Amino acid sequence: MRLGGLDAARFAAFVGMVLVNFRIAAGVSADGGYASGFINLLEGRAAALFVVLAGIGFVLGRFDTIITLKRALFLFVLGMLNQTIFEADIIHFYALYFVVALPFTGMSGRGLLVLAGLTLLISTAALIGLDYEQGWDWDTLQYADFWSFSGFIRNSFYNGWHPVLPWIAFFFIGMWVGKMALEQSVTQKRLIIGGIVVAVLAGLLSRWLSALDPQLADLFGTSSIPPGPLYIIAASGSAVAMIGLFLQIFPMLERIGVENWLTAPGKMSLTLYIAHILLGMGLLEALGLLGGSLSNTTILTYAITFCLIAALFARAWFTKVSRGPLEGLMRKMTKG
């Protein structure tokens, strides 16, 4: 049984990523206004929600090993092609998450939580013991040696935009959630309440540690760069709460007849992710607007407009076709 609330949550994650990515691409700084503050809240949170949802889908899909590896290869190739255009690509990281998580598909929910915790311990030790800034030019957000073997491994597993360590923890959290009875209201309410409590406590602990010793601010902050343990915990909490919320309110969305406007784009998130780079960012580039000349308010308006158009396109597409363009291509090529 497909849970429409998950598709709706996926579209919400997509909207958040569009807002953040358009600002990154346009070189717009955080100016302190309301629009900037709203986008700041989504940094690292929208992508985390996307990865947690991917973990849920990984469990619910129940694909065999060969199909999973084929889909990972498809995503890796697509992501690497996208990397040549947009250096904050997340798709090739998805492929790595699939491969790393594959041996643990039969693990219990408790085991997956332990695995997520071990991931945080290892990644925190790496943040303490290794140079997180190696390869980065923070002024231009360029990664110098990504296309070398050592640079690619370092970027993919340690200090890229969404490195396996610690981002695979989000995937494990999603797998844990995916093993729950998500169709039950009591489970949904537990996800909402538990997620909020975890996110708030992680945020408060981060503030306390940072005030105690300013040198702890980077390691125990809740921003996504660098991705410290409290960021992972806080973002996991907010992601789980959002998933529970969308599952809980989905029957209401069905009653008022708006559910398809959220689920349709959620079902073709891969296609729309590529579209927001090729078409959305492409238009900004064609208009010469990628040099930091835009305001956060303009970026917010442009991003929301793009997402509305994406929802219209997805809604129209699914009246004729059962899968999104890239989703259908992936299924055909991997024979899934």
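Above this text you will find the structure in question.
Just so you know, these numbers come straight off a predicted model, no measurement behind them.

1. A closer look at the pattern of salt bridges
Move 1: Scanning all chains against the criterion turns up three salt bridges.
Move 2: Measuring nitrogen to oxygen at the nearest pair gives 2.7 Å for the salt bridge that ties Asp7 to Arg10. With Asp7 and Arg10 both in helix 1 (residues 4–26) and three residues apart, this pair spans about one turn of that helix. By the burial criterion, Asp7 is buried, and Arg10 matches it.
Move 3: The shortest N-O distance in the salt bridge between Arg154 and Asp145 comes to 2.9 Å.
Move 4: Residue Arg154 is classed as buried on the basis of its relative accessible area, which comes to 14%.

2. Concerning the nonpolar core
Grouped burial of nonpolar side chains is what soluble globular proteins tend to show.
Move 1: Within the largest apolar cluster, 96 residues are counted, with the highest numbers of intra-cluster contacts made by Phe14, Leu75, Tyr97, Phe170 and Phe171.
Move 2: With 13 residues, helix 1 is the single largest residue contributor to this core.
Move 3: Among all residues touching Phe170, those that are not within four sequence positions of it are Ala48, Val51, Val52, Tyr231, Ile232, Ala235 and Ser236.
Move 4: One finds Ala126, Leu127, Tyr132 and Tyr158 within the second-largest nonpolar core, a separate group that totals five residues.

3. What to know about the environment of Phe146
Move 1: One can find Phe146 in the loop between strand 2 (142–143) and helix 7 (149–159).
Move 2: Here Phe146 falls in the buried class, since its relative accessible area comes to 4%.
Move 3: A C-alpha to C-alpha distance of 24 Å links Phe146 and Phe171, two positions 25 residues apart in sequence.
Move 4: In this structure, Phe146 is in contact with Met80, Gln83, His92, Gly151, Phe152 and Asn155, ignoring residues within four places of it in sequence.

4. Section: unusual backbone geometry
Glycine aside, negative phi is the norm for most residues, and most peptide bonds take the trans geometry.
Move 1: In this structure, the amide linkage connecting Leu165 to the following residue, Pro166, adopts the cis form with an omega of 15°.
Move 2: Along the chain, Pro166 falls in helix 8 (residues 164–178).
Move 3: A cis amide bond links Ile225 with the next residue in sequence, Pro226, at an omega value of -10°.
Move 4: Positionally, Pro226 belongs in the loop between helix 9 (185–212) and helix 10 (229–256).
Move 5: With a phi close to 60°, Leu141 is a non-glycine residue in the positive phi region.
Move 6: Tracing the chain through its elements places Leu141 in the loop between strand 1 (136–137) and strand 2.
Move 7: What makes Leu141 partly exposed here is its relative accessible area of 28%.

5. Some points on the packing of aromatic side chains
Move 1: By the definition in use, this model includes 21 aromatic pairs.
Move 2: Ring centres 6.2 Å apart and planes at 20° place the aromatic pair Phe11 and Phe14 in the stacked group. Placement of the pair is Phe11 and Phe14 together in helix 1, with a separation of three residues, close to one helical turn. Residues Phe11 and Phe14 agree in their burial class; the two are buried.
Move 3: Seen from their ring centres, Phe22 and Tyr302 are 5.3 Å apart, and the 40° between their planes marks the pair as tilted. Residue Phe22 is found in helix 1, and its partner Tyr302 is found in helix 13 (residues 296–317); the two are separated by 280 residues along the sequence.
Move 4: For Tyr302, a relative accessible area of 21% gives the class partly exposed.
Move 5: Aromatic rings pair up to connect Tyr132, Trp136, Trp138, Tyr143, Tyr158 and Trp161 into one cluster.
Move 6: Taking the ring centre of Phe318 as reference, the NZ or CZ of Lys267 above it sits at 5.8 Å.

Thresholds applied
- Residues numbered from 1 in each chain as written.
- Predicted model: local features only at pLDDT ≥ 70, side-chain atom pairs only at ≥ 80, totals over all residues.
- Heavy atoms only, no water.
- Salt bridge = Lys/Arg side-chain N within 4 Å of Asp/Glu carboxyl O.
- Helix = DSSP H or I, 4+ residues; strand = E, 2+ residues; numbered from the N terminus.
- Buried < 20%, exposed > 50% of the residue type's maximum accessible area, 1.4 Å probe, protein only.
- Core = buried A, V, L, I, M, F, W, Y, C linked by side-chain atoms within 4.5 Å.
- Contact = heavy atoms within 4.5 Å.
- Phe/Tyr/Trp six-rings, centres within 6.5 Å; stacked < 30°, edge-to-face > 60°.
- Lys NZ or Arg CZ within 6 Å of the ring centre and 35° of its normal.

Read these as layout, nothing more, since geometry by itself doesn't imply function.
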